[in-house]
Amino acid sequence: MTTIGRRACVAALVGVTFANVGRLHAQAESALAVAGDVSKPLTLAATDLKGMPRTTVSVMDQGREVKYTGVLVAEILARAGAPLGRDMSGPAVATYVIATGKDGYAAVFSLGELDPAMTDNDIIVADTVDGQPLFEYQGPYRIVAPHDKRGARGVRMLQKLDIMRLRK
Amino acid sequence: MLTRVLRCGALILIGTSGAIAALEPAPPAYVWNLPHGFPKPRVPADNPMTAAKVELGRHLFYDTRLSANGTQSCGSCHEQARAFTDGKERAVGSTGEVHPRNSMSLVNIAYAGTLTWANPMLTRLEDQALVPMFGDHPVELGWIRPGTALLDRLRRDQTYRRLFAAAFDRTSKAFSVDNVVRSIASFERTIISARSPYDRYHSNRERDAISAAARRGETLFFSQPFTCFRCHNGFLMGGGVDFDGRERDAEGGVEFHNTGLYNLAGALSYPPTNTGIYEITRRAEDVGKFKAPTLRNIALTGPYMHDGSIASLDGVLDHYSAGGRTIVEGPNRGVGHDNVNKSRSVRGFTLSADQRADFLAFLNSLTDEELLHDPRFANPWTRPQETR
């Protein structure tokens with residue numbers, strides 16, 4: 001191998017390495033962890049969410065209707081093994097979820113209010129707004145609770161859903 | 001045949017004075033052409049928007065004859081080139097009296113839930129316009145009620161005779177203080193700004209309209225521990241908006257905040273000329289509470305805070321990162337951080353040099369340059385009023 005060829009090879013390897021680091025970094029940035037007291041902890045990528053059943057909800061933002069699309073939080077929690085539907089009884093009713101953003105902001109939801117078998121709250125993990133990706137300050141994911149009177153639980157830059165059981 | 005019927009009908013109608021009024025065409029409605037994401041402004045039922053009223057209001061707004069001594073107009077303290085502020089720490093009236101507070105921007109004022117820095121009761125631009133005209137503490141435009149001298153002055157001008165006739169009617173009754181403030185308010189409601197690089201980024205999805213630093217700054221703005229958005233929220237990035245159809249709650253839905261700018265010893269922790277909404281409510285917990293101004297065009301609207309006591313945006317960031325201002329000497333000395341009325345959102349934070357630069361890039365992206373030269377909002381008088 002010539003010097004030029006070796007240099008090109010090294011440069012290519014370095015390039016590949018940096019590209020991989022960049023991709024991994026981007027994946028880490030867009031990963032959504034589902035953890036806590038569940039049987040199957042998950043780490044979801046953007047493509048995973050795109051492949052799940054999609055839900056669109058509307059919220060009014062200062063006189064304007066805004067449509068968020070994403071996945072019901074319950075749909076995600078079910079895949080992690082959270083007790084939903086018929087399993088939502090007895091001690092399971094005392095289960096709650098902490099949604100945490102990249103900046104540490106957090107909000108709590110009871111599992112019951114997330115479960116479509118119990119309520120019609122339609123609380124979602126959104127990844128698009130009006131058909132476009134969320135802005136950087138919001139995304140890549142955020143909680144949208146369309147029936148909350150105030151938006152304080154709409155955790156932006158969502159990174160983690162922790163399931164906690166008060167009774168077992 | 002149809003023509004004859006209409007002509008006949010018209011003759012019958014002309015038989016009564018009420019019917020004459022019915023035949024007069026209604027003035028053309030004002031066309032808003034609102035930007036993306038901006039709702040229709042609330043307009044008082046007794047002052048519907050018309051293009052003629054807006055044009056009259058623009059002439060009045062910029063006419064120095066609107067002050068008793070002919071030296072100042074509304075535009076003297078609300079300059080288009082400064083996003084309708086004046087660049088002074090505190091406004092100066094036509095007689096030289098210094099106002100206790102900084103001139104607020106009039107940009108997007110149509111959406112303000114309350115007007116001025118610290119009056120929860122003042123919600124109509126028509127009412128607010130009376131304050132600089134007739135107020136005597138401080139004197140601004142310097143008129144004395146009922147304003148007969150002002151109306152005589154306007155009535156003598158040929159341009160105003162034409163504009164008042166177009167906006168109202170051809171009778172001398174058109175020249176009234178009520179119609180003056182209706183017209184000024186109508187013009188002010190048209191000053192809508194949404195053409196900043198930030199707007200292009202958000203409304204048009206032009207990612208490169210603002211820099212990466214500005215996008216990072218936006219993220220900081222909405223993140224812990226900074227959470228600037230808690231007070232500067234919504235499409236105006238300011239305190240409390242109002243618009244057509246919005247349910248109104250107490251105090252116009254506007255929150256007022258004590259940011260720890262002062263902490264004087266004694267009964268009042270703020271300088272006596274500027275105690276915030278306490279001046280209205282007389283509740284001790286309201287001392288030092290002021291409205292959060294819009295951050296749109298903020299790079300142009302310094303000096304900052306209700307009394308213009310911070311010269312630059314860098315200084316404002318210093319104030320909030322410290323969780324309040326400390327003044328070590330003089331009559332205003334005190335540790336603002338410890339003010340008992342201080343907002344829970346003003347807790348202080350550590351701000352790196354990079355984060356500071358990102359914040360400033362974001363705030364600078366909110367400037368609408370087109371607004372500063374938009375002929376719709378410009379001074380219509382092409383020569384000094386005295387020479388006409």
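Residues numbered from 1 in each chain as written. Chains lettered and ligands numbered in written order. Predicted model: local features only at pLDDT ≥ 70, side-chain atom pairs only at ≥ 80, totals over all residues. Heavy atoms only, no water.

### Points about the overall build of chain A
Move 1: The helix and strand inventory of chain A stands at four helices and ten strands.
Move 2: Mapped from its N terminus to its C terminus, chain A presents α and β elements in the order α-β-β-α-β-β-α-β-β-α-β-β-β-β.
Move 3: In chain A, buried positions account for 40% of the 168 residues.
Move 4: Sequence separation of 24 or more characterises 59% of the internal contacts of chain A that already satisfy a separation of 6 or more.
Move 5: For chain A, the computed accessible surface area is about 9000 Å², with 56% contributed by carbon and sulfur atoms. (Helix = DSSP H or I, 4+ residues; strand = E, 2+ residues; numbered from the N terminus. Buried < 20%, exposed > 50% of the residue type's maximum accessible area, 1.4 Å probe, protein only. Contact = heavy atoms within 4.5 Å. Areas by Shrake-Rupley, 256 points an atom, 1.4 Å probe, with all protein chains shown as cover.)

### Things to note about the pattern of salt bridges
All names here are of chain B.
Move 1: Applying the stated criterion across every chain, the model contains 33 salt bridges over all chains.
Move 2: With its nearest N and O atoms 3.1 Å apart, the salt bridge here joins E79 to R82.
Move 3: Since its relative accessible area comes to 25%, E79 is described here as partly exposed.
Move 4: For the salt bridge of D286 with K289, the shortest nitrogen-to-oxygen distance reads 3.7 Å.
Move 5: Among the charged side chains, a network of salt bridges with common partners joins R195, D368, E370, D374 and R376. (Salt bridge = Lys/Arg side-chain N within 4 Å of Asp/Glu carboxyl O.)

### Concerning the interface of chain A and chain B
Move 1: Every contact between the two is made by 13 residues of chain A and, on the other side, 19 residues of chain B.
Move 2: Of the roughly 1500 Å² buried between chain A and chain B, counting both surfaces, carbon and sulfur atoms make up 54%.
Move 3: It is Q62, F135 and Y137 of chain A in chain A that bury the most area against chain B; as a group they hold 44% of the surface buried on that side.
Move 4: Across the contact surface, chain A and chain B share two salt bridges.
Move 5: The closest approach of N and O atoms between R215 of chain B and E136 of chain A, which form a salt bridge, is 2.9 Å.
Move 6: At the junction of chain A and chain B, the tally comes to seven residue pairs in polar contact (both at pLDDT 80 or more).
Move 7: Taken together, the residues of the side of chain A that touches chain B break down into six nonpolar, three polar and four charged. (Buried area = accessible area lost by both parts, 1.4 Å probe. Polar contact = N/O pair within 3.5 Å; in protein donor to acceptor, adjacent residues only side chain to side chain. Nonpolar A, V, L, I, M, F, W, Y, C, P; charged D, E, K, R; others polar.)

### Some points on the confidence of the model for chain B
Move 1: On average, residues of chain B carry a pLDDT of 91, and 90% of them reach 70 or more.
Move 2: In the predicted complex, the global pTM is 0.87; the interface-specific ipTM is 0.84. (pLDDT = per-residue confidence, 0-100.)

### Comments concerning the environment of R42 of chain B
Residue and element names in this part refer to chain B.
Move 1: Along the chain, R42 falls in the loop between α2 (17–23) and α3 (51–61).
Move 2: Relative accessible area serves as the criterion here: at 22%, R42 is assigned to the partly exposed category.
Move 3: Apart from residues no more than four positions distant in its own chain, R42 is found in contact with R189, D242, F243, D244, R246 and R248.
Move 4: Of the polar contacts made by the side chain of R42, one reaches the backbone oxygen of F243; its length is 3.5 Å.
Move 5: One polar contact links the side chain of R42 to the main-chain carbonyl oxygen of R246, over a distance of 2.8 Å.

### A closer look at helix α6 (residues 148–155) of chain B
Residue and element names in this part refer to chain B.
Move 1: Taken as a whole, α6 has its buried residues at L150, L151 and L154. Taken around the axis of α6, the buried residues stretch over an arc of 95°, which confines them to a single face.
Move 2: Its buried side turned inward, α6 meets α3, α5 (125–134), α7 (158–167) and α8 (177–189). (Arc of directions from axis to C-beta.)

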